[in-house]
Amino acid sequence: MTKRKIRRKASRQPQGQAQRKAQRKTQRKPQRNTQRKAVQRKPDPGAQRSLPLGGRIDRYVLAHFAQSYLTAMLLMTGLFMVIDMASNLADYLEPWTDGTSVPASVLLRFYILTLPYLFLQVAPFVTLIAGMFTVAKMLKAREVTAVLSAGVSARRMLLPLFFSGMVLAVGMFLMREAVGQGVAREREVLLDVLSKQRFEEQYSDLAVIEETGSPVFLERFYPRPLDGGPPRVEGLTAILLTDTRYGTATYIRIDADEATWTGEGWDLVGGVRAIIDQSSQEHLHEDEPITYLDGYEFTPELALTYKRAQAAPLELSFSEVQELMARDPDDMSYQTLWHYHLTFPLANVILLLIGIPLMFNYERGRSTDRIALGGLLCVFYYSADFVFRTLG
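Notes on the structure in this doc start here. (Residues numbered from 1 in each chain as written. Predicted model: local features only at pLDDT ≥ 70, side-chain atom pairs only at ≥ 80, totals over all residues. Heavy atoms only, no water.)

## Digging into unusual backbone geometry
In step 1: We note that R142 has phi near 60°; this positive angle belongs to a residue other than glycine.
In step 2: Looking at the secondary structure, you find R142 in the loop between α4 (104–140) and α5 (143–149).
In step 3: For R142, a relative accessible area of 40% gives the class partly exposed.
In step 4: Notably, D205 is not glycine yet its phi reads approximately 55°, a positive angle.
In step 5: Topologically, D205 is positioned in strand β1 (residues 203–209).
In step 6: Owing to a relative accessible area of 58%, D205 belongs among the exposed residues under this scheme. (Helix = DSSP H or I, 4+ residues; strand = E, 2+ residues; numbered from the N terminus. Buried < 20%, exposed > 50% of the residue type's maximum accessible area, 1.4 Å probe, protein only.)

## Some words on the layout of surface pockets
In step 1: Put simply, the largest pocket is a space of about 960 Å³.
In step 2: Every residue lining the largest pocket is counted, 39 residues in all, and those nearest its centre are R187, L191, A311, A312 and E315.
In step 3: Contributions of two or more residues to the lining of the largest pocket are made by α3 (56–92), α4, α8 (184–196), β1, α9 (300–311) and α13 (367–391).
In step 4: With eight residues, the single largest contributor to the lining of the largest pocket is α8.
In step 5: Residues of the lining of the largest pocket, tallied by class, amount to 19 nonpolar, seven polar and 13 charged. (1 Å grid on protein atoms, 1.4 Å probe; cavity = no way out; pocket = protein on both sides within 12 Å on 5 of 7 lines; lining within 4 Å. Points joined across faces, edges and corners; volume = space filled by probe spheres on them. Nonpolar A, V, L, I, M, F, W, Y, C, P; charged D, E, K, R; others polar.)

## Details of a nonpolar patch on the surface
In step 1: A cluster of nonpolar side chains, L346, I350, L353 and I354, forms an exposed patch at the surface whose accessible area comes to about 350 Å².
In step 2: Mapped onto the secondary structure, L346 falls in the loop between α11 (332–343) and α12 (347–355). (Patch = residues over 30% accessible without salt bridge, like charges linked within 9 Å, V, L, I, M, F, W, Y side chains within 5 Å. Areas by Shrake-Rupley, 256 points an atom, 1.4 Å probe, with all protein chains shown as cover. Salt bridge = Lys/Arg side-chain N within 4 Å of Asp/Glu carboxyl O.)

## A closer look at the packing of aromatic side chains
In step 1: If you walk through the whole model with that rule in mind, you get ten aromatic pairs.
In step 2: Ring centres of Y92 and F110 lie 5.9 Å apart, and the angle between their planes is 85°; on these two criteria the pair is classed as edge-to-face. With Y92 in helix α3 and F110 in helix α4, the pair connects residues that are 18 residues apart, well separated along the chain. Just as Y92 is buried, F110 falls in that class too.
In step 3: In this structure an aromatic cluster arises from ring pairing among Y92, F110 and Y111.
In step 4: In this arrangement the basic side chain of R187 is found over the ring face of Y117, its NZ or CZ atom lying 4.5 Å from the centre. (Phe/Tyr/Trp six-rings, centres within 6.5 Å; stacked < 30°, edge-to-face > 60°. Lys NZ or Arg CZ within 6 Å of the ring centre and 35° of its normal.)

## Considerations on the packing of α3 against α4
In step 1: For the pair α3 and α4, interaxial distance at closest approach is 5 Å and the crossing angle is 140°. Classed by the angle they form, the pair α3 and α4 counts as oblique. By crossing handedness, the relation of α3 to α4 is classed as right-handed.
In step 2: Class assignment of the residues belonging to the contact of α3 with α4 gives a composition of 25 nonpolar, eight polar and two charged. (Axes fitted to C-alpha atoms, helices over the stretch in contact; angles between N-to-C directions. Parallel < 35°, antiparallel > 145°, perpendicular 65-115°, else oblique. Left-handed = near helix turned anticlockwise from the far one by under 90°.)

## Some thoughts on the pattern of salt bridges
In step 1: Within this structure, the stated rule accounts for 15 salt bridges.
In step 2: Here R156 and D58 are joined by a salt bridge, their closest N and O atoms 2.9 Å apart. Taken together, the positions of R156 in helix α6 (residues 154–157) and D58 in helix α3 put the pair 98 residues apart, joining distant regions of the chain.
In step 3: What makes R156 buried here is its relative accessible area of 13%.
In step 4: The residue E320 makes a salt bridge to R308 at a minimum N-O spacing of 2.9 Å. Here E320 is found in helix α10 (residues 318–327), whereas its partner R308 is found in helix α9, with twelve residues between them in sequence. Assigned by exposure class, E320 and R308 land together as buried.

## Describing the nonpolar core
In step 1: Within the largest apolar cluster, 37 residues are counted, with the highest numbers of intra-cluster contacts made by V135, L158, L161, I356 and M359.
In step 2: The leading source of residues in this core is α4, at 14 residues.
In step 3: Of all hydrophobic cores here, the second largest spans 32 residues; its members include Y203, A259, A303 and L324. (Core = buried A, V, L, I, M, F, W, Y, C linked by side-chain atoms within 4.5 Å.)

## Let's talk about the pairing of strand β2 (residues 215–222)
In step 1: Both β1 and β2 contribute to a ladder of six bridges, which runs antiparallel. Residue S204 lies in a different strand from β2, and its bridge partner there is R220.
In step 2: Here β1 folds back onto β2, and the loop between the two strands holds five residues, one of which, G213, carries a positive phi near 90°. (Pairing = 2+ DSSP bridges.)

## Structural notes on α9
In step 1: In this model, α9 (twelve residues) spans 16 Å end to end at C-alpha, consistent with the 16 Å of a helix rising 1.5 Å per residue.
In step 2: Burial runs high along α9: nine of the twelve residues are buried.
In step 3: Buried within α9 are the following residues: P300, L302, A303, L304, T305, Y306, K307, R308 and A309. (Expected span 1.5 Å × (residues − 1).)

## Concerning α3
In step 1: Helix length check: α3, at 37 residues, gives a terminal C-alpha distance of 51 Å against a target of 54 Å (1.5 Å per residue), a fit within 8%.
In step 2: Along α3, the sharpest kink reaches roughly 40°, centred on A86.
In step 3: Turning to α3, its buried residues number three or more, namely D58, V61, H64, F65, S68, Y69, A72, M76, T77, M81 and Y92.
In step 4: Looking at the buried positions of α3, the neighbouring elements they touch are α4, α5, α6, α7 (159–181) and α8. (Bend = angle between axes of the 7 residues up to and from the residue. Contact = heavy atoms within 4.5 Å.)

Geometric descriptors of this kind do not, in isolation, establish any biological role.
Written out as structure tokens, the structure is:
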């Protein structure tokens with residue numbers, strides 16, 4: 001076809017039709033170019049994406065974990081509360097010798113103050129169950145598959161859970177200190193009222209190691225007498241080892257019928273000091289009457305700490321355990337408690353590292369089995385901790 005015929009044919013076509021053909025050609029070219037670019041920018045399936053901390057995925061995982069943690073905390077703390085009430089409530093409600101019974105306000109206040117202690121016993125297990133519930137929800141909704149398909153590793157996706165475990169471990173340690181310095185004293189008073197069925201707080205047969213390492217024995221200790229007076233002791237015996245005198249080892253022994261706290265020391269009633277031969281137990285000097293306990297530094301608070309260590313050592317705070325270790329470094333039980341207060345909060349992270357991988361089984365209907373296995377892991381850890389802590 002000659003050029004003259006082509007021009008003649010183009011002149012016969014309507015002008016609008018020619019413009020539409022030109023537009024179609026120009027629209028097809030960019031589409032082909034963008035398709036080529038899209039093919040060139042296609043990500044590598046084996047590559048892993050790095051996500052900024054605190055992004056949408058992190059907030060999403062944290063929100064699921066917070067909901068699961070609240071639910072697990074209520075369930076496990078409530079379960080332990082029911083077990084405690086089933087074991088002790090009947091004894092607390094028994095009629096007193098005068099025919100009265102414990103006031104309901106005392107019982108209610110005691111169990112409210114007991115809640116932090118119950119939570120501290122189960123806190124690492126709550127963290128594990130909450131983490132496993134979180135992963136189970138994401139697996140059920142196929143969200144884990146979507147995140148992994150986007151190039152995000154499982155470790156990066158679960159980083160908020162392990163970070164939460166570390167935060168909870170620190171919070172658990174601080175909470176134990178706050179409870180030990182805060183509500184422990186009031187709860188101790190209420191427990192004495194419920195168990196002994198009396199309103200005057202009294203503790204018998206206490207042994208206290210004062211700052212020099214000398215033992216002080218308290219036959220009956222009244223931290224808060226009913227008459228509103230200062231703390232007092234009935235039947236006090238203090239022993240202070242001394243250097244060699246008169247060619248033999250001796251010790252000083254102080255006995256008193258009663259001791260009253262003055263705010264700075266102890267006033268004695270019927271106090272007697274004697275220097276005794278350690279081997280023959282003979283008095284080397286005539287007994288000397290005294291009215292003040294000199295040479296011994298211990299307070300009513302220290303006596304209460306030793307009482308708590310004797311009755312419920314796990315309720316001691318870390319600072320109290322350190323003080324007891326400094327006074328009696330040869331007692332292995334205090335060293336065991338010291339390590340326990342440091343390592344038990346770390347179980348929030350350790351149990352997550354062990355239990356979360358158990359959830360990555362993509363078969364349907366298996367999440368419940370994995371959560372049950374996590375519960376068995378909690379039982380095993382609790383049992384092993386109890387056995388090894390008892391053995392020292």
